[in-house]
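Here is how the chains run, residue by residue.
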Amino acid sequence: MGRKLDDLIAALSEDRRERVDARFEELRGEVESLGDLRRAAGKAQAEIASVLKIKQPSVSKIEKQADMYLSTLKSYVEAIGGQLELVVRLPSRAPLRIERLGDVVAPKAVSVRSVKRAAGGRNRTKAARAG
């Protein structure tokens, strides 16, 4: 006959039980998939589809994707009532939160004059420019 989980846990030292409990709490706060995230938010695929102005099968497809645009993920998370945060963890640094990705900024008008100035002026000879 197999042993019960409660018996196994009871046989652990107090320190080990505390570590198991701490890890359990960590894992309880994690989800495996977007579907799990949606269910944790108490939403149905049809509700998400309505908010995103797509059909329910498209929500199912999004939930099954292993790779997607961040904009798609952001829209999905916002549709379930959440907010997406992107945090980068580098060695020997505090975590860095990225506020915006790929902001579109209107490019400055570039004139021939400004290009020549950046290249060192108009009066440069071909030899000077080449080398």
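Our subject in this report is the structure included herewith.

Each value, and the rule that gives it
Each chain carries its own residue numbering, running from 1 in the direction its sequence is written. Only residues with pLDDT of at least 70 are given local features in this predicted model, and only at 80 or more are side-chain atom pairs given and counted; all residues enter the totals for whole chains, interfaces and linings. For side-chain calculations, the full set of non-hydrogen atoms in the structure is used, while hydrogens and water are omitted. Only DSSP runs of H or I covering at least 4 residues are called helices, and only runs of E covering at least 2 are called strands; the numbering of each starts at the N terminus. Relative accessible area decides the class of each residue, using a 1.4 Å probe on protein chains only: under 20% of the type maximum gives buried, over 50% gives exposed, and in between gives partly exposed. Working rule for contacts: check all heavy atoms of both residues, and any pair within 4.5 Å makes them a contact. Any carboxyl oxygen of Asp or Glu that lies within 4 Å of a side-chain nitrogen of Lys or Arg is treated as forming a salt bridge with it. Fitted lines through C-alpha atoms give the axes, limited to the stretch in contact for helices. The angle between two N-to-C directions lies from 0 to 180 degrees. An angle counts as roughly parallel when it lies under 35 degrees, as roughly antiparallel when it exceeds 145, as roughly perpendicular when it falls between 65 and 115, and as oblique in every other case. In this classification, Asp, Glu, Lys and Arg are treated as charged, Ala, Val, Leu, Ile, Met, Phe, Trp, Tyr, Cys and Pro as nonpolar, and every other residue, Gly included, as polar. Note that patches include only residues with greater than 30% relative accessible area and no salt bridge, and the join distances are 9 Å for like charges and 5 Å for nonpolar side chains (Val, Leu, Ile, Met, Phe, Trp, Tyr). The Shrake-Rupley method, run with a 1.4 Å probe, gives the accessible areas here. Residue values count only the displayed protein chains as cover. Nine residue types can take part in a nonpolar core, namely buried Ala, Val, Leu, Ile, Met, Phe, Trp, Tyr and Cys, and a core is a set of them joined through side-chain atoms within 4.5 Å.

So, about the overall build of the protein chain. Secondary structure summary: the protein chain contains eight helices and two strands in total. Along the protein chain, from the amino end to the carboxyl end, the secondary structure elements read α-α-α-α-α-α-β-β-α-α. Across the 131 residues that make up the protein chain, the buried fraction comes to 11%. In the protein chain, the proportion of contacts linking residues at least 24 apart, taken out of those at least 6 apart, comes to 31%.

This part is about the pattern of salt bridges. Applying the stated criterion across every chain, the model contains six salt bridges. The closest approach of N and O atoms between arginine 38 and glutamate 63, which form a salt bridge, is 2.5 Å. Here the residue arginine 38 occupies a position in helix α3 (residues 34-40), and glutamate 63 occupies one in helix α5 (residues 56-64), the gap between them amounting to 25 residues. Summarising the burial analysis for this pair, arginine 38 and glutamate 63 share the class buried. Glutamate 78 is the partner of lysine 74 in a salt bridge, and the nearest nitrogen-oxygen pair spans 3.0 Å. On the criterion of helical spacing, the pair formed by lysine 74 and glutamate 78 is a turn pair, its members being four residues apart in helix α6 (residues 70-79). Within this structure, Glu85, Arg97 and Glu99 form a network of salt bridges that share partners.

Bringing the packing of helix α4 (residues 45-52) against α5 into the picture now. Taken N-terminus to C-terminus, the directions of α4 and α5 make an angle of 100°; their axes are 8 Å apart at the nearest point. Between α4 and α5, the crossing angle belongs to the class labelled roughly perpendicular. Facing α4, whose interface residues are Gln45, Ala46, Ile48 and Ala49, α5 presents Gln56, Val59, Ser60 and Glu63. Considered class by class, the residues forming the contact of α4 with α5 number four nonpolar, three polar and one charged.

All right, on to a nonpolar patch on the surface then. On the surface, Leu70, Leu84, Leu86 and Leu101 cluster together to form a nonpolar patch covering roughly 310 Å² of accessible area. Checked against the element boundaries, leucine 84 lands in the loop between α6 and β1 (86-88). By relative accessible area, leucine 84 is classed as partly exposed at 33%.

Turning our eyes to something else, we now look at the nonpolar core. Counting residues in hydrophobic clusters, the biggest one holds eight residues: Leu34, Ile48, Ala49, Val59, Ile62, Tyr76, Ala79 and Ile80. Those residues in contact with isoleucine 80, other than ones at most four positions away along the chain, are Leu37, Arg38, Ala41, Lys43 and Ile48.

Moving on, we come to the environment of glycine 82. As for its position among the elements, glycine 82 is in the loop between α6 and β1. Sequence spacing of glycine 82 and alanine 41 is 41 residues, and the spatial spacing of their C-alpha atoms is 8.4 Å.

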